[in-house]
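Tertiary structure, described
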Amino acid sequence: MRRHFQMFADYNRWANALVYEACAEMTDEEYRADQGAFFGSAHRTLNHLLCADRIWMKRVTGSGEAPTALDTILHEDFAALREARIAEDQRIIDWIDTLDEGKLAASFTYSPVSSPTVITQPLGPVLAHVFNHQTHHRGQVHMILTSLGKPSVVLDLVYFLRGDGKRWL
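Reference entry: report on the structure contained in this document. Every value quoted in this text rests on a predicted model; they were computed, and no experiment measured them.

**A short note on the side chain of Gln140**
- For Gln140, the location among the structural elements is in helix α6 (residues 123-147).
- Residue classification places Gln140 among the buried residues on the basis of a relative accessible area of 15%.
- The contact partners of Gln140, leaving out residues within four places of it in the chain, are Ala37, Phe38 and Thr45.

**Some details on the environment of Leu104**
- Note that Leu104 resides in helix α5 (residues 101-105).
- With a relative accessible area of 6%, Leu104 lands in the buried category.
- Along the primary structure Leu104 and Gly64 are separated by 40 residues, whereas in three dimensions their C-alpha atoms are 20 Å apart.

**A closer look at the state of the cysteines**
- The final tally for this structure, using the stated rule, is zero disulfides.
- Distance from the sulfur of Cys23, which forms no disulfide, to the nearest cysteine sulfur (Cys51) is 16 Å.
- Classification of Cys51 as buried rests on a relative accessible area of 0%.

**Some words on helix α4 (residues 78-96)**
- In this model α4 runs 27 Å from its N-terminal to its C-terminal C-alpha over 19 residues, within 8% of the 27 Å that 1.5 Å per residue would give.
- Of all the positions in α4, only Phe78, Leu81, Ala84, Arg85, Glu88, Asp89, Ile92, Ile93, Trp95 and Ile96 are classed as buried.
- Near the N-terminus of α4, the side chain that reaches the backbone nitrogen of Ala79, with its oxygen 3.3 Å away, is that of Asp77.

**A few points about the nonpolar core**
- Grouped together as the largest cluster of nonpolar side chains are 26 residues, with contacts concentrated most on Cys23 and Leu46.
- Among the secondary structure elements, those contributing two or more residues to this core are α1 (2-24), α3 (42-61), α4, α6 and α7 (157-162).
- Per element, the largest residue contribution to this core is eight residues, and it comes from α1.
- When neighbours within four sequence positions are excluded, Cys23 is seen to be in contact with Ala42, Leu46, Phe78, Val141 and Leu145.
- Formed by 17 residues, the second largest nonpolar core is a distinct cluster that contains Phe5, Ala9, Leu99 and Phe131.

**Let's talk about the packing of α1 against α6**
- Viewed as axis vectors pointing N to C, α1 and α6 meet at an angle of 20°, and their least axial separation amounts to 11 Å. Considering the angle they form, α1 stands roughly parallel to α6. The interaxial crossing formed by α1 with α6 has left-handed handedness. Contacts from Phe5, Phe8, Ala9, Tyr11, Asn12, Ala15, Asn16, Val19, Ala22 and Cys23 of α1 reach α6 at Gly124, Leu127, Ala128, Phe131, Gln134, Thr135, Arg138, Val141 and Leu145.
- Split by residue class, the contact of α1 with α6 holds 13 nonpolar, five polar and one charged.

Rules and cut-offs
Residues numbered from 1 in each chain as written. Predicted model: local features only at pLDDT ≥ 70, side-chain atom pairs only at ≥ 80, totals over all residues. Heavy atoms only, no water. Helix = DSSP H or I, 4+ residues; strand = E, 2+ residues; numbered from the N terminus. Buried < 20%, exposed > 50% of the residue type's maximum accessible area, 1.4 Å probe, protein only. Contact = heavy atoms within 4.5 Å. Disulfide = S-S within 2.5 Å. Expected span 1.5 Å × (residues − 1). Polar contact = N/O pair within 3.5 Å; in protein donor to acceptor, adjacent residues only side chain to side chain. Core = buried A, V, L, I, M, F, W, Y, C linked by side-chain atoms within 4.5 Å. Axes fitted to C-alpha atoms, helices over the stretch in contact; angles between N-to-C directions. Parallel < 35°, antiparallel > 145°, perpendicular 65-115°, else oblique. Left-handed = near helix turned anticlockwise from the far one by under 90°. Nonpolar A, V, L, I, M, F, W, Y, C, P; charged D, E, K, R; others polar.

Purely geometric numbers; function is a separate question.
Structure (structure tokens):
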């Protein structure tokens, strides 16, 4: 499973870079306009993804800054948000490289931001959620781009594996 999650961390970095490249071509008005996605705009959705990753990384590593709300705007400026995304993606890659099968199978305990309950789960399935969550919201940004008539961004894992991700085959 370690190699599987290493592949997903690398894929996550690749897909995020493509989404940010596409968003960089939007006008500021398009980027910030509510387009009906769960968090409204591309700006708010990309901020949410960074929030969620920081929250999960704080839970699983015990370090780093984590917002207290899922809709926190960490960066108003697109360039600053993009730099923070690049850094967080590398942080995730570096951390996953430290895991072994024992750590992936071990449970950890946390409290969700949205409710004060205590949850204990194994790390492996939680990591699957983290990467699935990224894919889910990147899909919403993709919808925003295409609804504005922007070029479609090819984000499928299989395309990553045929190109930048060949080392994972």
